[in-house]
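# Report on the structure
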Amino acid sequence: MATNTLVRLFQSQLTNADAELYKAPPLTRVTVIALYKTNIDVTARTFRLHHVAGGSSSGIDNALYYDEPIAAKRVHPRIDNGIILEPGQSLRGLCSSTLTVTLTAFGIVTEETA
């Protein structure tokens, strides 16, 4: 039997270095259903978001958004058809400028129970 819970998965200010934003726990499947990109800077910025298998690193082969523009002083909601994260998979990201862009993700966490 599985339980489904709608949660905020993460809220993170991006830096200009690739970093893990969220990792699906063991025995858990996660479906990202909403992603909010917030740019607090007076200058337009870009960001990258990668869907990474366990033990892998970010690259062009697993990029979901690559140098995606975000206008200055704007919030951009994006409702997805679903980004599926299997156990051990993660979302990693970075930005063109440190601490100017925040990503917030909401999703459904499905946990397998005995």
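For the structure itself, look to the data block above.
So, here's what we can say about the structure. (Residues numbered from 1 in each chain as written. Predicted model: local features only at pLDDT ≥ 70, side-chain atom pairs only at ≥ 80, totals over all residues. Heavy atoms only, no water.)

### Overview of the pattern of salt bridges
For the record, the criterion: Criterion for a salt bridge: a side-chain nitrogen of Lys or Arg within 4 Å of a carboxyl oxygen of Asp or Glu. Here a helix means four or more residues in a row that DSSP labels H or I, a strand means two or more in a row labelled E, and each is numbered from the N terminus. Buried means the residue's accessible area, taken with a 1.4 Å probe over protein chains only, is under 20% of the maximum for its type, while exposed means over 50%, and partly exposed covers the values in between.
In total, this model carries 6 salt bridges according to the counting rule given. Linking D18 and R92 is a salt bridge whose minimum nitrogen-to-oxygen distance equals 2.9 Å. Residue D18 is found in the loop between β1 (2-13) and β2 (19-23), and its partner R92 is found in strand β7 (residues 90-95); the two are separated by 74 residues along the sequence. Exposure remark for R92: the relative accessible area of 19% places this residue in the buried category. Between E68 and K37 there is a salt bridge, and its shortest N-O distance comes to 3.4 Å. A residue pair is termed long-range when its members are at least 10 positions apart, and E68 in strand β5 (residues 63-70) and K37 in strand β3 (residues 28-39) qualify at 31 residues. Here the residues in one salt-bridge network are K37, E68 and R78, joined through shared partners.

### Some points on a nonpolar patch on the surface
The cut-off we apply is this: To count toward a patch, a residue needs a relative accessible area over 30% and no salt bridge; like charges are then connected within 9 Å, while nonpolar side chains (Val, Leu, Ile, Met, Phe, Trp, Tyr) are connected within 5 Å. Accessible surface area values rest on a Shrake-Rupley calculation with a 1.4 Å probe, where residue burial reflects the displayed protein chains alone.
Where nonpolar side chains cluster on the molecular surface, the patch consists of Y36, V75, I79 and F106 and spans about 360 Å² of accessible area. Structurally, the position occupied by V75 is in strand β6 (residues 74-85).

### Remarks on the pairing of β7
Using the following cut-off: Pairing between strands is defined by DSSP: at least two bridges between them are needed.
Within β7, 6 of the 6 residues are buried, which leaves the element mostly enclosed by the surrounding structure. Every second residue of β7 is oriented toward a common face, with S90, R92 and L94 on one face and L91, G93 and C95 on the other, all of them buried. Sheet analysis places β2 next to β7, joined by 4 bridges and oriented antiparallel. The partner of A19 across the bridge, within β7, is G93.

### Points about the sheet that holds strand β4 (residues 45-52)
Using the following cut-off: Orientation is described by axes fitted as lines to C-alpha atoms, over the contacting stretch for helices, and by angles from 0 to 180 degrees between their N-to-C directions.
Sheet architecture is open: 4 strands sit in the order β2-β7-β4-β5, paired in antiparallel fashion. The strands lining the two open edges of the sheet, one partner per strand, are β2 and β5. Looking at each pair of strands side by side, their axes are set apart by 20 degrees on average, direction ignored.

### Points about the side chain of R45
We apply this condition: In protein, a polar contact means a hydrogen-donor-capable atom and an acceptor-capable atom, both N or O and within 3.5 Å, with residues adjacent in sequence counting only if both atoms are side-chain atoms; elsewhere, any N or O pair within 3.5 Å suffices. What makes two residues a contact is simply this: any of their non-hydrogen atoms within 4.5 Å.
Relative to the elements of secondary structure, R45 occurs in strand β4. A polar side-chain atom of R45 sits 2.5 Å from a polar atom in the side chain of D41. In this structure R45 touches N39, E68, P69, I70, C95, S96, S97, T100 and V101, once residues within four positions along its chain are discounted.

### Topic: the packing of aromatic side chains
What counts, and what does not: Only centres within 6.5 Å qualify two rings of Phe, Tyr or Trp (six-membered ring in Trp) as a pair; their planes then separate them into stacked at under 30 degrees, edge-to-face at over 60, and tilted for everything else.
Under the criterion given, the structure shown has 2 aromatic pairs. Seen from their ring centres, Y36 and F106 are 6.0 Å apart, and the 85 degrees between their planes marks the pair as edge-to-face. Here F106 lies in strand β8 (residues 101-112) and Y36 lies in strand β3, a separation of 70 residues in the sequence. Judged by relative accessible area, which is 31%, F106 ranks as partly exposed. Ring centres of F47 and Y65 lie 5.7 Å apart, and the angle between their planes is 45 degrees; on these two criteria the pair is classed as tilted. Of this pair, F47 sits in strand β4 while Y65 sits in strand β5, placing them 18 residues apart in sequence.

So, to be careful, I would describe these as geometric facts and stop short of saying anything about function.
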